[in-house]
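Structural features, examined
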Amino acid sequence: MINNKLVYAQKTVQKWGKDMEQKRRVLVIIPAYNEAENIVHVVRHMMETAPQYDYLVINDGSTDNTPDLCRSENFHYLDLSINMGIGGAVQAGYIYARKNNYDIAVQMDGDGQHDIAYLDKLLEPLIRGEADITIGSRFLEKEGFQSSATRRVGIYFLSGLIWLVTGKRVMDVTSGYRAVNRMFIEIYSKDFPMDYSEPEAIVSAVMHRGRIKEIPVQMRAREGGVSSITFKKSVYYMIKVTLAILICRMGYGVRRAKREDV
């Protein structure tokens, strides 16, 4: 009799968890700049694999036919008239998520590197209330595409710098595959780093007392097109982000911001 009650209770909890997941409104933000070779496959794959979630392509002033493809395919998309950079494009998605009362926003690149199959794993800690931000990490299990050796050195350096200034260790600080809850939809819609935003956004999250959890994922190399980040841009990126992280941390002073759950 006790065992039967235990089984019933477990099934009830599982059903409740699934119901809660279904009730959560999730928006997948897909920033795209000159991704004509990739965007159709990325969005179609998501629509087929995870049709229960909403998505929004942010066309970041593309000069190729990315916006034409979005129109012809009848995708949900926002067309920025000028190139705002990755930070501006993602923040536009957060503003849309806030204004449309989404509970969770997911950032996913439009170049095909991020596997939608890991989306539910990113969402689980948020739905359970275990984290405010989840980050898909290539470096926890070290499987799949690991980026170039030069970029990995840069990522490890930034990871160490963020640990030094915040006390929080995040391995894959440049991963653009991440999800945030309503609290950080609100925060990021009002204040989000421009340009190469991922590392600085982690500092901001820690200083807002956000709970960050990395989730092991496998990533792929770009499916098509050419990355906008050249060697010269990578050097500039490292200098700029290092300064931005330090300035961002100093901007909060000794104390962290008061946590404002929403």
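No experiment lies behind these values; they were computed from the predicted model shown.

What counts and what doesn't
- Residues numbered from 1 in each chain as written.
- Predicted model: local features only at pLDDT ≥ 70, side-chain atom pairs only at ≥ 80, totals over all residues.
- Heavy atoms only, no water.
- Helix = DSSP H or I, 4+ residues; strand = E, 2+ residues; numbered from the N terminus.
- Buried < 20%, exposed > 50% of the residue type's maximum accessible area, 1.4 Å probe, protein only.
- Areas by Shrake-Rupley, 256 points an atom, 1.4 Å probe, with all protein chains shown as cover.
- Pairing = 2+ DSSP bridges.
- Axes fitted to C-alpha atoms, helices over the stretch in contact; angles between N-to-C directions.
- Contact = heavy atoms within 4.5 Å.
- Patch = residues over 30% accessible without salt bridge, like charges linked within 9 Å, V, L, I, M, F, W, Y side chains within 5 Å.
- Salt bridge = Lys/Arg side-chain N within 4 Å of Asp/Glu carboxyl O.
- Right-handed = clockwise from strand over helix to strand, strands pointing away.
- Phe/Tyr/Trp six-rings, centres within 6.5 Å; stacked < 30°, edge-to-face > 60°.

1. Some words on the overall build of the chain
Tallying secondary structure elements over the chain gives nine helices and seven strands in all. Burial statistics for the chain: of 262 residues in total, 48% are counted as buried. Accessible surface computed for the chain: about 13600 Å², of which carbon and sulfur atoms make up 55%.

2. A look at the sheet that holds strand β1 (residues 26-32)
The strand order β3-β2-β1-β4-β6-β5-β7 describes an open sheet built from seven strands, whose pairing is mixed. At either margin of the open sheet sits one strand with a lone partner, and together these are β3 (77-80) and β7 (212-216). The average undirected angle you get between the axes of adjacent strands in this sheet is 20 degrees. Note: β1 against strand β2 (residues 54-60), six bridges, orientation parallel. Within the sheet, the bridge partner assigned to proline 31 lies in β2 and is isoleucine 58. Against the sheet, helix α2 (residues 39-49) touches β1 and β2, its axis set at about 170 degrees to β2.

3. A few points about the environment of tryptophan 163
Considering the arrangement of structural elements, one finds tryptophan 163 in helix α6 (residues 149-166). On a C-alpha basis, the gap between tryptophan 163 and valine 203 in space is 9.3 Å, while along the polypeptide they are 40 residues apart. Apart from the residues lying within four places of it in its own chain, the contact partners of tryptophan 163 are Lys168 and Arg169.

4. Looking at a nonpolar patch on the surface
On the surface, a cluster of nonpolar side chains totalling about 580 Å² of accessible area is made up of Val235, Ile239, Leu243, Leu246, Ile247 and Met250. Looking at isoleucine 239, the relative accessible area reads 52%, which means it is exposed.

5. Details of the pairing of β2
Of all seven residues in β2, six are buried, a share of seventy percent or more. Taking the sense of rotation as the criterion, the β-α-β connection linking β1, α2 and β2 turns out right-handed. Across four bridges, the pairing between β2 and β3 is parallel. Residue pairing across strands places isoleucine 58 opposite leucine 78, the latter belonging to β3. Between β2 and its parallel partner β3, the chain crosses via helix α3 (residues 66-72), and the hand of that crossover is right-handed.

6. Section: the packing of aromatic side chains
In the structure shown here, the tally under the stated rule is seven aromatic pairs. Relative to phenylalanine 75, the ring of tyrosine 55 has its centre 6.4 Å away and its plane inclined at 85 degrees; by these criteria the two rings are edge-to-face. Here phenylalanine 75 lies in the loop between α3 and β3 and tyrosine 55 lies in strand β2, a separation of 20 residues in the sequence. Relative accessible area serves as the criterion here: at 7%, tyrosine 55 is assigned to the buried category.

7. Quick notes on the pattern of salt bridges
All chains considered together, the criterion is met by seven salt bridges. Between arginine 44 and glutamate 73 there is a salt bridge; the shortest N-O distance is 2.8 Å. A residue pair is termed long-range when its members are at least 10 positions apart, and arginine 44 in helix α2 and glutamate 73 in the loop between α3 and β3 qualify at 29 residues. Using a relative accessible area of 41% as the deciding quantity, one classes arginine 44 as partly exposed. Of the charged contacts, one joins aspartate 172 and arginine 138 as a salt bridge, the two residues approaching to 2.7 Å between their closest N and O atoms. Separated by 34 residues along the polypeptide, aspartate 172 in the loop between α6 and β6 (178-180) and arginine 138 in the loop between β5 (133-137) and α6 bring together distant segments of the chain. Comparing aspartate 172 with arginine 138 shows no difference in burial state: the two are buried.

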